[in-house]
Every structure is written in C-alpha cells, then in structure tokens.
Amino acid sequence: KEGEQMTVDVLLKCIAVASANDAAVAIAIGTAGSVEAFVDYMNQKAQEMGLSDTHFDNPHGLDAEEHYTTAYELALIARELLSHPILRTVCATRKTTIPQGENPGARLVVNHNKMLRYYRGCIGVKTGFTKSAGRILVSSATRDGRRIIAVTINDPADWNDHATLLEEGFARY
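None of these values were measured; they are calculated from a predicted model. (Residues numbered from 1 in each chain as written. Predicted model: local features only at pLDDT ≥ 70, side-chain atom pairs only at ≥ 80, totals over all residues. Heavy atoms only, no water.)

Draft legend 1. Broad picture of the packing of aromatic side chains. All told, the structure shown has 1 aromatic pair when counted by the stated rule. For the pair phenylalanine 38 and tyrosine 41, a centre-to-centre distance of 6.4 Å together with 45 degrees between the ring planes defines the contact as tilted. Note that phenylalanine 38 and tyrosine 41 are positioned in helix α3 (residues 35-48) at a spacing of 3 residues, about one turn of the helix. Residue classification places phenylalanine 38 among the buried positions, given a relative accessible area of 17%. For tyrosine 41, a relative accessible area of 46% puts it in the partly exposed group. (Phe/Tyr/Trp six-rings, centres within 6.5 Å; stacked < 30°, edge-to-face > 60°. Helix = DSSP H or I, 4+ residues; strand = E, 2+ residues; numbered from the N terminus. Buried < 20%, exposed > 50% of the residue type's maximum accessible area, 1.4 Å probe, protein only.)

Draft legend 2. Molecular detail of the nonpolar core. Met115, Leu116, Tyr119, Cys122, Leu137, Ala141, Ile148, Ala150, Trp159, Leu166 and Phe170 form the largest nonpolar core, which has 11 residues in total. When residues of this core are traced back to their parent elements, those giving at least two are α6 (115-118), β4 (134-143), β5 (146-153) and α7 (158-172). Among the elements that take part in this core, α7 stands out by supplying 3 residues, more than any other. Aside from chain neighbours lying at most four places away, what touches leucine 166 is Met115, Tyr119, Ser139, Ala141, Ile148 and Ala150. (Core = buried A, V, L, I, M, F, W, Y, C linked by side-chain atoms within 4.5 Å. Contact = heavy atoms within 4.5 Å.)

Draft legend 3. Local environment of the pattern of salt bridges. Summed over the entire model, instances satisfying the criterion amount to 5 salt bridges. A salt bridge links aspartate 158 to arginine 135; the nearest nitrogen and oxygen atoms lie 2.7 Å apart. Highlighted residues: aspartate 158 in helix α7 and arginine 135 in strand β4, separated in sequence by 23 residues. Notably, a salt bridge pairs arginine 143 with glutamate 167, separated by 2.8 Å at the nearest N-O pair. Here glutamate 167 lies in helix α7 and arginine 143 lies in strand β4, a separation of 24 residues in the sequence. (Salt bridge = Lys/Arg side-chain N within 4 Å of Asp/Glu carboxyl O.)

Draft legend 4. Spotlight on the environment of methionine 115. Tracing the backbone shows methionine 115 in helix α6. Judged by relative accessible area, methionine 115 falls into the buried class, the value being 4%. Placed 84 residues apart in sequence, methionine 115 and threonine 31 show a C-alpha to C-alpha distance of 31 Å.

Draft legend 5. Seen up close, helix α1 (residues 8-18). Where α1 is concerned, the buried positions are Val10, Leu11, Cys14, Ala16 and Val17. Phi turns positive one or two residues past the end of α1, at serine 19, with a value near 50 degrees.

Draft legend 6. A look at unusual backbone geometry. Of note in the backbone geometry, serine 19 takes a positive phi value of approximately 50 degrees without being a glycine. Residue class for serine 19 comes out partly exposed when judged on its relative accessible area of 35%. At valine 125, a residue that is not glycine, the phi angle is positive and equals roughly 140 degrees. On the basis of relative accessible area, valine 125 is assigned to the buried category, the value being 7%.

What follows is the structure, encoded as structure tokens:
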C-alpha cells in the first residue's frame with residue numbers, strides 16, 4: 001500500500017514468490033533512484049554477460065516494445081542469479097509471510113511454481129506470463145551436485161515439459 005515500508009529481503013520475496021511487479025519497481029527506485037536508471041543498469045549488466053538478444057525496458061518483465069530476450073539468455077540469467085545464495089534461497093521459497101504495515105498479522109503469499117512441490121530437487125526460479133510471450137517458466141533442479149536449468153516460452157504444457165527437460169538433462173549429463 002502507498003507509504004508502506006519493506007526491507008529489500010521482503011521485496012525480493014514479493015517478486016519471487018508473488019510476482020509483485022510493484023516490488024520490482026520499488027527495488028528499482030530504491031537502488032538506482034529511478035526505474036529508468038535501474039533499467040540502464042540492467043542493460044549494462046546484460047551486455048557485460050554477453051547477452052546479445054536481450055534488452056530490458058522495465059524491471060518487472062511485463063510487455064514493452066523494447067523488452068525482449070530468448071530462452072537461452074534467460075537460462076544464462078538464471079545461472080547468474082543462482083550463483084548468489086540469497087537469491088537462490090528466495091527463488092526456492094514455497095510460501096512466506098509478508099508484513100502488513102503496522103497492522104498485526106501478516107499476508108501469506110504462496111509460490112505458484114508447481115515445480116517446487118512436485119519435482120524432486122527443484123530450487124524454483126520463476127514463473128511468468130505476458131500476452132506477447134505467453135506462459136514463461138524458468139526452472140532449475142539440483143541432484144548429485146549437478147544443477148540443470150530449463151526455460152520455456154509460450155508453452156502451455158510447461159510443468160510437464162520442464163519435468164521432462166530436467167529428467168533428460170540429468171540422464172545425459
């Protein structure tokens with residue numbers, strides 16, 4: 001709500017667990033001073049990572065004319081994200097409570113990523129949906145010290161497809 005204050009940790013959980021676009025905007029403004037400055041930083045980071053088919057237009061991923069990426073480059077972004085223990089933990093969060101301002105109690109938020117509940121070793125990553133890209137799923141799982149990342153865009157059968165992709169990855173590598 002307007003005027004509400006949250007820690008960065010809570011905002012990260014809001015983004016990862018509840019897909020809270022307003023939390024992404026709050027982090028952008030809080031860390032870079034403006035959404036535009038944060039987006040410039042995101043694009044700079046993408047260039048540093050060698051992502052030639054990715055350009056950001058906002059911090060939350062909703063459709064925008066100059067906002068695009070590929071499944072492969074989303075996998076590279078996920079690999080970078082998962083190299084940070086705090087972010088890995090946030091992505092693997094199944095449910096959490098978010099403080100409700102000064103009111104007693106808290107809001108319960110539940111991660112809609114079914115892979116966290118149904119796929120052994122899943123450490124999550126992110127679900128998404130936009131009109132232009134359809135259902136987007138970035139998932140990762142770890143077994144026997146190996147981490148596999150799967151990404152699909154515009155895939156209505158993403159849960160099943162990711163289970164198959166991850167199984168295939170573990171079987172081959």
